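# Per-entry structural report
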Amino acid sequence: MPLTTPQEKDIRFFKGLPLFFVITGGLFLLYSVWFWDRGIFQILPGVFAESINVPLDYIQLGLEIFPIQVENFILFQSYESLPPLSFPKLSLLWGTIIWILLVLISSLLSTFKRTPFIISMGVWMAVLSISGINSLNIGGIYSNYALIWMLVGWIVPLVYINFYQNHWTLIQRFSLTFAIATLTLLGLIYFSEMPAAALLIAENLTLPAVALSAIFLLHIGHAIFSGTTILLLKLNKGVQLKITYHLLVLFFLYFFLVFFTLLDLLGDIQLPFPVVPPLLLFFIAGVVGLFVYREKISQTEQPFPLPFIGESLYLTFFAICLWTWGKAIFTENQPYIDFFDHIFLYGQVALSLLFFVYVLANFTGILNSGKEVGKIIFKPQHFAYFHMRIGSLMALGILAALGDTIIINHIISGSTNQAADYYYQADLPKQATILYESAWMQYRKNDKAKNAAVHLHLLDGNKKEALNQLEQSMDFNPNVPNLLLISKLLHEQDKVFEAVFYLEKGLKLFPDNAFLQNNLALFLSKLNRPTDALQYLQTLQEINPVAHANFIGLQVKHQRENEETLLETDDPISKINQLAAANRQGNLWRGSLSINEVSQNFTVQTAAIRNLWTNQPNQLLSQDITLIDSLIKATEITFQERNLRDSRIIRLYQERDIAETLKYLVGNAGIFSGSAGYYHQWSAMVLAGQLDLDKAATDILVAEERNVSDFKPHHLAILYFGNRPIDAIRIHQKFNIPFPSWMSWGDDGKLEENPQLQYFEALKGFHAKLEKELMQDLLKIEQSLLQASFATHILVHKAHVLNTSNIGLIEEVLSKEPALPISKQDVQEWIAFVKNKGSNLPEGNFFAQFLKPELGLDRNPYWTPLILKSVADASDDMEGYNILQDAKQFNKDPLLWIAYINQAKKIGFQQYANDALQDMEAWIAKAEIEGLLADFIE
């Protein structure tokens with residue numbers, strides 16, 4: 001239905017707009033209480049890693065088994081208190097809403113009768129004087145020009161309307177007032193030199209909003225009781241029940257309800273029962289108060305001409321109170337929060353009490369009559385309503401004294417807090433620090449102020465002062481964010497025991513707090529108290545994914561893994577820790593993890609890459625190498641680059657790309673010279689796994705030169721049989737490292753004969769040997785398992801030199817040892833594969849599963865049969881030459897070198913061929929070389 005009169009438009013606008021802000025303000029307040037949950041404090045899990053050694057692979061040389069150890073990472077998440085959040089856009093939105101509501105109020109005030117209007121303008125001037133408008137520094141620091149202009153731009157239009165245009169509609173009044181006052185404010189903001197001047201005004205509007213909210217809270221002080229009284233009177237109409245007793249019971253119930261809530265708030269006594277939150281009572285009082293106010297308007301003379309104006313004023317004040325209380329909770333302005341709680345409860349206690357006395361004094365004789373007393377409840381006969389208000393003010397004074405007049409500290413500290421918030425949001429840390437510290441000194445129950453001050457000191461690099469501030473907080477008002485902060489700072493100073501003390505103290509104050517329990521468990525782990533650490537996380541890990549990941553991490557760190565450690569989980573960090581557990585046990589992990597699903601945080605991403613690639617890569621080598629190279633290129637920090645390069649080596653090794661693995665190990669030793677010994681020792685283990693004991697021995701000696709000292713018995717064996725026996729004895733004596741048990745010397749000074757010794761003797765110079773010597777070595781080994789193992793090495797590395805009869809001998813050796821699942825058919829298929837161009841191995845073949853030739857024939861230079869096959873399958877002679885050129889840098893197989901010489905001559909590289917012939921003379925007799933040339937040169 002269309003609006004027909006200006007008054008109807010006024011009613012719709014001036015009741016609809018405040019009601020809209022009441023609803024949205026109520027939702028904002030409820031969100032701040034129920035869902036925001038002190039969200040201004042950022043408590044987030046920070047990730048750090050601890051390394052453990054895990055076996056990348058196990059090298060088996062006969063009965064000697066030793067691991068290639070690499071680092072894996074266990075991820076731990078420690079909760080950290082970050083700087084409080086700031087929301088400048090929300091502050092501006094809040095300021096805009098309050099500004100609109102203030103203009104609404106002033107427009108409604110312009111309808112007042114002359115005397116009430118003049119009084120209201122005096123009050124309005126007082127409100128503007130506490131708005132902090134002079135902080136814009138127009139014409140000088142805190143000069144009054146800004147306030148004068150604001151008074152002119154706001155009060156003058158209202159006076160003009162009230163004195164000369166009182167016939168205007170409310171929309172016209174609002175339009176003129178809003179336009180002039182807003183333009184004045186925008187002009188002041190424009191000419192102000194203060195940074196973020198609009199934000200400054202928005203924050204400074206908080207104090208006027210708090211003042212108006214306090215007026216509203218006192219106004220609804222008796223709303224619940226008076227509303228209940230009016231309802232009972234209406235229900236008793238014509239019934240004539242003795243509702244005096246009902247009122248008496250209801251009054252005492254409600255009075256003690258709010259009084260005990262007040263006592264609980266003051267903290268003077270510990271009540272054995274729960275109390276009602278003040279906010280719940282506030283919502284009830286705010287809604288009921290509107291209906292009570294309607295009754296009051298209908299019964300008494302008001303300064304405004306129309307009833308809906310009073311209702312609009314009520315709704316506007318209600319909206320301001322909702323939005324301001326909501327902002328105080330959202331921004332964690334604890335002084336203002338406590339102010340609202342106190343002033344509301346003071347009003348409920350004082351005004352409910354005086355209203356009860358007022359009702360009994362004026363209407364005792366007719367309360368039970370069944371007459372419509374509700375229609376005259378605000379028309380007293382004896383004890384005037386005005387006098388009731390005076391008595392209420394006196395009661396308020398008494399209650400304020402009971403609360404040690406703490407509401408004054410609330411206002412002072414809260415306003416200082418809001419000023420600090422402006423400087424904090426405007427990125428002026430020094431001013432913000434001073435004001436936050438001052439706000440905390442004014443009111444110690446002010447968690448955000450102290451927390452923000454500490455973080456600002458930390459950002460300024462002043463850790464000593466930050467720690468001093470935190471110690472003050474611990475003395476007066478400990479809280480979880482500051483407990484996390486102080487424990488972190490103490491840990492950084494290696495004061496772990498003190499950090500544990502504060503966290504344990506915190507758990508006494510905040511039992512079952514997940515943040516404190518989690519961090520305490522991690523610190524206890526550092527103190528080597530794994531049982532206590534795991535106990536703190538045992539229950540928590542069932543509901544908290546961070547605690548669950550830490551629980552797994554601690555189990556792995558302290559070697560307390562069990563079946564539950566590897567139970568399926570959806571959390572990526574838990575999966576990374578499970579990978580570390582599986583890797584240390586040498587098992588394949590049954591779960592699934594994609595690098596794409598983990599955080600882009602460097603620590604998390606690199607831990608996922610390292611642990612996953614150590615276990616079982618799940619992507620193509622080309623994809624993984626592209627990923628790791630892009631990460632290496634992007635990093636500029638040395639330790640991060642080293643971490644990534646090590647992961648690249650692991651990925652290459654898992655693909656058995658031994659050539660690239662060894663090249664990168666040498667490269668890393670050059671780039672990271674401080675860790676060169678580590679890489680040479682790693683390289684020695686890789687070379688030993690490829691039966692190149694000579695090069696492995698050389699790398700061990702280089703590692704020793706680079707200050708490596710953690711040698712094991714198998715290192716001595718490699719040195720001894722890698723043609724470095726004197727160095728093996730020297731290191732044995734220097735580091736007091738025993739030789740393997742099978743290396744024992746007899747009285748004649750020679751090693752005592754045994755199958756393991758025969759095996760290692762056979763490995764000496766393995767790759768440089770030809771068929772005759774290899775078969776002699778094979779037959780010298782007495783134990784069947786070791787003989788079969790050596791026969792397997794011959795097939796993998798030397799199948800290209802074997803004739804038919806020797807192949808049969810190897811088949812016979814293998815058939816005697818059931819521990820090695822290599823059948824005669826496997827051997828025949830393998831020999832046919834390496835000697836015939838373009839052939840393929842069946843999928844079930846032992847060598848197909850062990851060597852995976854489909855991944856590349858030339859990726860391991862020590863797999864000579866596959867190298868020669870890749871040359872035969874090469875698309876052209878130059879490709880074949882390049883394959884042989886790369887392989888001969890590692891492998892001293894005579895036929896490999898002869899093939900290289902042949903290939904070099906094919907493409908016209910005669911000089912390279914001659915150089916290779918000359919190099920071969922270092923380990924093969926010249927006559928033997930000539931025989932090979934005669935047999936194999938095309």
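This text goes with the structure placed above it.
Throughout what follows, the structure given in this document is the object of discussion. (Residues numbered from 1 in each chain as written. Predicted model: local features only at pLDDT ≥ 70, side-chain atom pairs only at ≥ 80, totals over all residues. Heavy atoms only, no water.)

### Concerning the pairing of strand E1 (residues 42-61)
Both E1 and strand E2 (residues 64-82) contribute to a ladder of 19 bridges, which runs antiparallel. Of the residues in E2, the one forming a bridge with Ala 49 is Leu 75. Hairpin geometry of E1 and E2 is characterised by an intervening segment of 2 residues between the two adjacent antiparallel strands and by a positive phi of about 70° at Gly 62. (Pairing = 2+ DSSP bridges. Helix = DSSP H or I, 4+ residues; strand = E, 2+ residues; numbered from the N terminus.)

### Digging into the packing of helix H1 (residues 6-36) against helix H11 (residues 307-330)
Two elements in contact, H1 and H11, have axes whose closest approach is 8 Å; the angle formed by their N-to-C orientations is 20°. Relative to H11, the element H1 lies roughly parallel. In this structure, H1 crosses over H11, and the sense of that crossing is left-handed. Its residues assigned to classes, the contact of H1 with H11 comprises 20 nonpolar, 8 polar and 4 charged. (Axes fitted to C-alpha atoms, helices over the stretch in contact; angles between N-to-C directions. Parallel < 35°, antiparallel > 145°, perpendicular 65-115°, else oblique. Left-handed = near helix turned anticlockwise from the far one by under 90°. Nonpolar A, V, L, I, M, F, W, Y, C, P; charged D, E, K, R; others polar.)

### Section: empty space enclosed by the protein
Scanning the entire structure with this criterion turns up 4 cavities of 30 Å³ or more. In this structure, the largest cavity encloses a volume near 160 Å³. Only helix H2 (88-109), H11 and helix H14 (406-425) provide two or more residues apiece to the lining of the largest cavity. Split into classes, the residues belonging to the lining of the largest cavity amount to 10 nonpolar, 4 polar and 4 charged. (1 Å grid on protein atoms, 1.4 Å probe; cavity = no way out; pocket = protein on both sides within 12 Å on 5 of 7 lines; lining within 4 Å. Points joined across faces, edges and corners; volume = space filled by probe spheres on them.)

### Topic: the packing of aromatic side chains
What characterises a pair of aromatic rings is the spacing of the ring centres plus the angle enclosed by the ring planes. Counted under the stated rule, the structure contains 67 aromatic pairs. Pairing Phe 163 with Tyr 164 gives two aromatic rings, centres 6.4 Å apart and planes at 50°, and the pair type is tilted. Classification of Tyr 164 as exposed rests on a relative accessible area of 59%. With a centroid separation of 5.2 Å and an interplanar angle of 80°, the aromatic rings of Tyr 881 and Phe 909 are classed as edge-to-face. Of the two residues, Tyr 881 sits in helix H39 (residues 877-888) while Phe 909 sits in the loop between helix H40 (894-906) and helix H41 (910-920), which places them 28 residues apart along the sequence. Owing to a relative accessible area of 5%, Tyr 881 belongs among the buried residues under this scheme. Ring-pair connections join several aromatic residues into one group, and the members of that group are Phe 216, Phe 282, Phe 283, Tyr 293, Tyr 314, Phe 318, Trp 325, Phe 339, Phe 340 and Phe 344. Over the ring of Trp 94 we find Lys 327; its NZ or CZ atom is 4.9 Å from the centre of that ring. If you follow Lys 450 out to its NZ or CZ, it ends over the ring of Trp 440, 3.7 Å from the centre. (Phe/Tyr/Trp six-rings, centres within 6.5 Å; stacked < 30°, edge-to-face > 60°. Buried < 20%, exposed > 50% of the residue type's maximum accessible area, 1.4 Å probe, protein only. Lys NZ or Arg CZ within 6 Å of the ring centre and 35° of its normal.)

### Observations concerning the side chain of Asp 657
Along the polypeptide, Asp 657 turns up in the loop between helix H26 (638-654) and helix H27 (658-671). The side chain of Asp 657 is buried and forms no salt bridge, while Arg 859, the nearest opposite charge, is found at 6.8 Å. For Asp 657, the contacting residues outside a window of four places in its chain are Leu 621, Leu 652 and Arg 859. (Lys, Arg positive; Asp, Glu negative; His and termini not counted. Salt bridge = Lys/Arg side-chain N within 4 Å of Asp/Glu carboxyl O. Contact = heavy atoms within 4.5 Å.)

### Quick notes on the environment of Glu 812
Of note, Glu 812 is situated in helix H35 (residues 804-815). Overall, Glu 812 belongs to the partly exposed group, its relative accessible area being 41%. Taking C-alpha positions, Glu 812 is 30 Å from Gly 722, a pair spaced 90 residues apart along the chain.

### A closer look at unusual backbone geometry
Its identity as a non-glycine residue notwithstanding, Asp 494 has a phi of 60°, on the positive side. With respect to the helices and strands, the residue Asp 494 is situated in the loop between helix H18 (480-492) and helix H19 (496-509). Even without glycine at this site, Lys 852 takes up a positive phi of about 45°.

### Structural notes on the pattern of salt bridges
Inspection of the entire model under this criterion finds 32 salt bridges. Arg 38 is paired through a salt bridge with Glu 332; the nearest N and O atoms lie 3.0 Å apart. A residue pair is termed long-range when its members are at least 10 positions apart, and Arg 38 in the loop between H1 and E1 and Glu 332 in the loop between H11 and helix H12 (334-363) qualify at 294 residues. For Arg 38, a relative accessible area of 34% gives the class partly exposed.

### A few points about helix H29 (residues 693-705)
Structurally, the α-helix is built with 3.6 residues per turn, so residues lying three or four positions apart point the same way. Compared with the 18 Å implied by 1.5 Å per residue over 13 residues, the 18 Å span of H29 between its first and last C-alpha is a close match. Residues of H29 that are buried include every one of Leu 693, Ala 696, Ala 697, Asp 699, Ile 700, Leu 701, Ala 703 and Glu 704, and no others. For H29, the secondary structure elements touched by its buried residues are E1, helix H28 (676-689), helix H30 (713-721), helix H31 (725-735) and helix H32 (755-763). In the segment just after H29, Asn 707 is the residue with positive phi, at about 75°. (Expected span 1.5 Å × (residues − 1).)

### Description of H39
With 12 residues, H39 should cover 16 Å at 1.5 Å per step; its first-to-last C-alpha distance of 16 Å lies within 8% of that length. Turning to H39, its buried residues number three or more, namely Gly 880, Tyr 881, Ile 883, Leu 884, Ala 887 and Lys 888. Taken end-on, H39 shows its buried residues confined to a sector of 160°, consistent with a single buried face. Those residues of H39 that are buried are in contact with helix H38 (864-872), H40 and H41. You can read the cap of H39 off the contacts: a side-chain oxygen lies 3.2 Å from the backbone nitrogen of Met 878, and it is on Asp 876. (Arc of directions from axis to C-beta. Polar contact = N/O pair within 3.5 Å; in protein donor to acceptor, adjacent residues only side chain to side chain.)

### Side note on the nonpolar core
By size, the foremost hydrophobic cluster in this structure holds 175 residues, and its most contacted members are Trp 682, Phe 790 and Trp 830. Counting 122 residues, the second largest nonpolar core, distinct from the first, contains Val 103, Ile 105, Tyr 346 and Ala 420. (Core = buried A, V, L, I, M, F, W, Y, C linked by side-chain atoms within 4.5 Å.)

### Let's talk about the packing of H1 against helix H5 (residues 170-191)
Here H1 crosses H5 at 55°, and the two axes come no closer than 8 Å. As the angle between them shows, H1 and H5 are arranged oblique. Here Lys 9, Asp 10, Phe 13 and Phe 14 of H1 come into contact with H5, specifically with Leu 170, Ile 171 and Phe 174. Of the residues assigned to the contact of H1 with H5, the class counts are 5 nonpolar, no polar and 2 charged.

### What about the environment of His 342?
For His 342, the position within the fold is in helix H12. Looking at His 342, the relative accessible area reads 4%, which means it is buried.

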